[in-house]
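# Observations on the model geometry
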Amino acid sequence: ASIFAAVEMAPRDPILGLNEAFAADTRAEKVNLGVGVYYDDNGKIPLLAAVRAAEKARLEAMPARGYQPIEGAVAYNTGVQNLLFGKDSALLANGQVVTIEALGGTGALKVGADYLKRLLPGSTVYISDPSWENHRALFESAGFPVETYPYYEASTRGVDFAAMKAKLESLPAGAIVVLHACCHNPTGADLSDTQWDDVVAACRSRGLIPFLDMAYQGFADGIEADAVAVRAFSASGLQFFISSSFSKSFSLYGERVGALSVVTSSKEESGRVLSQIKRVIRTNYSNPPTHGGAVVAAVLNSPELRQQWEDELAGMRDRIRAMRTGLVEALKAEGVAQDFSFVIKQRGMFSYTGLSAAQVERLKNEFGIYAVSTGRICLAALNNKNLGYVAKAIAAVVK
Ligand code: PLP
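Residues numbered from 1 in each chain as written. Predicted model: local features only at pLDDT ≥ 70, side-chain atom pairs only at ≥ 80, totals over all residues.

### Structural notes on the overall build of the protein chain
Rules: Each helix corresponds to a stretch of at least 4 residues labelled H or I by DSSP, and each strand to a stretch of at least 2 residues labelled E; elements are numbered beginning at the N terminus. A radius of gyration in this sense is built from C-alpha atoms; the matching globule rule multiplies 2.2 Å by the number of residues raised to 0.38. Any two residues are considered in contact once their C-beta atoms, placed from the backbone, lie within 7 Å.
When helices and strands are counted, the protein chain shows 15 helices and 13 strands. In terms of overall dimensions, the protein chain is globule-like: its C-alpha atoms have a radius of gyration of 21 Å, near the 21 Å expected for 399 residues. For the protein chain, the C-alpha atoms occupy an extent of roughly 65 × 60 × 55 Å along the three principal directions. Across the protein chain, contacts joining residues at least 24 apart in sequence account for 75% of those joining residues at least 6 apart.

This is the structure we're talking about:
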């Protein structure tokens with residue numbers, strides 16, 4: 001018999017399943033709000049002009065494709081560090097930050113998780129309730145038990161911070177806490193600056209290991225403003241981990257460009273930690289690919305391209321905000337009595353709309369509008385052409 005004879009079919013990824021159903025839908029007016037990707041006002045994934053310019057220059061230079069260092073290129077890793085910590089960071093000046101180029105934010109989480117499993121084999125990982133669905137799977141596959149801390153409060157469509165804080169303050173020393181640095185996925189509900197200070201204090205008093213996931217820097221209020229959590233932890237004197245990604249902010253999804261950064265207590269410690277992380281990388285994929293990181297580094301290190309990128313990023317951010325406001329206004333205009341103003345307060349690509357699974361099902365069946373069954377929609381999939389249609393459909397199912 002085949003060695004695969006008894007292999008079971010793994011459950012389908014719920015969001016990829018949604019995309020398949022959407023692709024098979026023949027209705028012209030169909031809209032996919034289930035995605036986690038930024039689309040422009042024409043419903044297309046943009047290729048940023050700054051990226052295009054850097055790619056053109058790279059193509060013309062025709063660089064040889066030798067192996068990269070295990071940790072990726074210095075120019076790239078330095079660029080990442082400056083975005084996360086600010087270029088005047090004392091941690092950077094002291095050599096307290098180790099950064100490696102990773103295969104997207106997912107790859108950064110995976111390298112971080114595998115390294116943490118070697119460092120703290122008996123630890124438990126805590127993720128927000130709810131969280132990006134891959135967080136649990138990633139840390140479980142690294143061998144950790146994964147539990148949750150309270151986060152979203154359905155009645156306010158915001159964060160139940162008192163419950164979150166109480167839980168963090170009850171965790172055992174050495175517990176790993178995964179925190180969404182900004183633009184929480186899936187809820188769109190973020191912590192305030194003072195709440196971040198409280199989270200830092202809880203991590204310090206309990207001896208927790210913070211792992212910040214920063215997949216959307218620049219999508220809420222701006223590159224600097226969105227780094228508030230990183231900066232709060234940087235000022236704390238604690239050791240912590242950050243996974244970051246350029247998938248969204250550079251619209252480079254398929255190039256897999258991300259980074260893992262680890263804050264240590266000294267330059268000497270950084271050297272030892274890096275040597276161990278390199279072992280993890282070496283036995284997984286050896287070293288990162290060249291193209292995506294080279295493009296990002298070229299943009300970050302050229303004053304003109306960097307300005308162009310910042311302008312384009314601001315354009316994406318502003319368009320999402322306009323869609324948030326537009327949706328709330330359109331729902332009002334459709335005579336929806338329910339208050340949807342929370343959509344404007346939520347940040348990043350997503351909103352937990354409060355739509356029930358049954359209402360989401362009706363949106364699909366009656367209107368060809370696809371959303372996640374939890375009620376999560378991607379605001380970046382709305383545009384001036386489909387906004388009115390989506391608002392009408394939501395109005396029909398909530399009335
Ligand atoms: N973390 C969160 C919270 C995300 O939402 C995502 C992407 O959707 C990622 C990490 C992974 O990003 P990447 O596509 O760069 O692997």
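### What to know about the nonpolar core
We apply this condition: One nonpolar core equals one set of buried Ala, Val, Leu, Ile, Met, Phe, Trp, Tyr and Cys residues connected by C-beta atoms within 7 Å. The burial criterion counts other C-beta atoms lying within 10 Å of a residue's C-beta, which is placed from the backbone; the residue is buried at 20 or more, exposed at 12 or fewer, and partly exposed between these limits.
By size, the foremost hydrophobic cluster in this structure holds 118 residues, and its most contacted members are V177, L212, V230, V299 and M349. If you tally residues by element for this core, the top one is helix α12 (residues 303-333), at 9 residues. Setting aside residues up to four positions removed in sequence, V177 forms contacts with Y126, L168, C203, L208, I209, P210 and F211.

### A word on the site of the ligand
Stated precisely, the cut-off is as follows: Think of it this way: take the backbone, place a C-beta atom on it, and check whether that atom is within 6 Å of the molecule or strand, in which case the residue is near it. Residue type decides the class: Asp, Glu, Lys and Arg count as charged, Ala, Val, Leu, Ile, Met, Phe, Trp, Tyr, Cys and Pro as nonpolar, and the leftover types, Gly among them, as polar.
Near the ligand you find G36, G104, G105, T106, W132, H180, N185, D213, A215, S245, S247 and G258, and these make up its full shell. When residues of the shell around the ligand are assigned to their parent elements, the largest contribution, 3 residues, is made by helix α5 (residues 104-119). Of the residues that constitute the shell around the ligand, the class distribution is 2 nonpolar, 9 polar and 1 charged.

### Some details on unusual backbone geometry
Across residues other than glycine, the phi torsion is negative in most instances, and most of the peptide bonds are trans. In this structure, the amide linkage connecting D129 to the following residue, P130, adopts the cis form with an omega of 0°. Locating P130 in the fold gives a position in the loop between β3 (125-129) and α6 (133-141). Residue N185 is joined to P186 through a cis peptide bond whose omega torsion reads 20°. Mapped onto the elements of the fold, P186 is located in the loop between β7 (176-180) and α8 (193-206). In the Ramachandran plot, M62 falls in the positive-phi region, its phi being about 45° despite a non-glycine side chain. Relative to the elements of secondary structure, M62 occurs in the loop between α2 (49-61) and α3 (74-85). Here M62 falls in the exposed class, since 7 other C-beta atoms lie within 10 Å of it.

### With respect to the sheet that holds β3
Definition in use: DSSP calls a pair of strands paired once it identifies at least 2 bridges connecting them. For helices, the fitted axis covers only the stretch in contact; all axes are lines through C-alpha atoms, and the angles between them, taken along N-to-C directions, range from 0 to 180 degrees.
Overall, mixed pairing links the 7 strands, which are arranged β2-β10-β9-β8-β7-β3-β4 in an open sheet. Two strands close off the open sheet at either side, each with one partner strand: β2 (97-103) and β4 (146-150). Between one strand axis and the next, the sheet turns by 25° as a mean value, whatever way the strands run. Where β7 lies against strand β8 (residues 209-214), 5 bridges are found, and the strand directions are parallel. Across the sheet, the residue bridging to V178 is F211, located in β8. Contacts between helix α7 (residues 161-168) and the sheet are confined to β4 and β7, with β4 contributing the most and set at about 135° to the helix.

### A few points about the environment of V177
Here V177 lies in strand β7. On the basis of neighbour counts, which here come to 23 C-beta atoms within 10 Å, the residue V177 falls in the buried class. Along the chain, V177 and T148 lie 29 residues apart, while their C-alpha atoms are 9.1 Å from each other.

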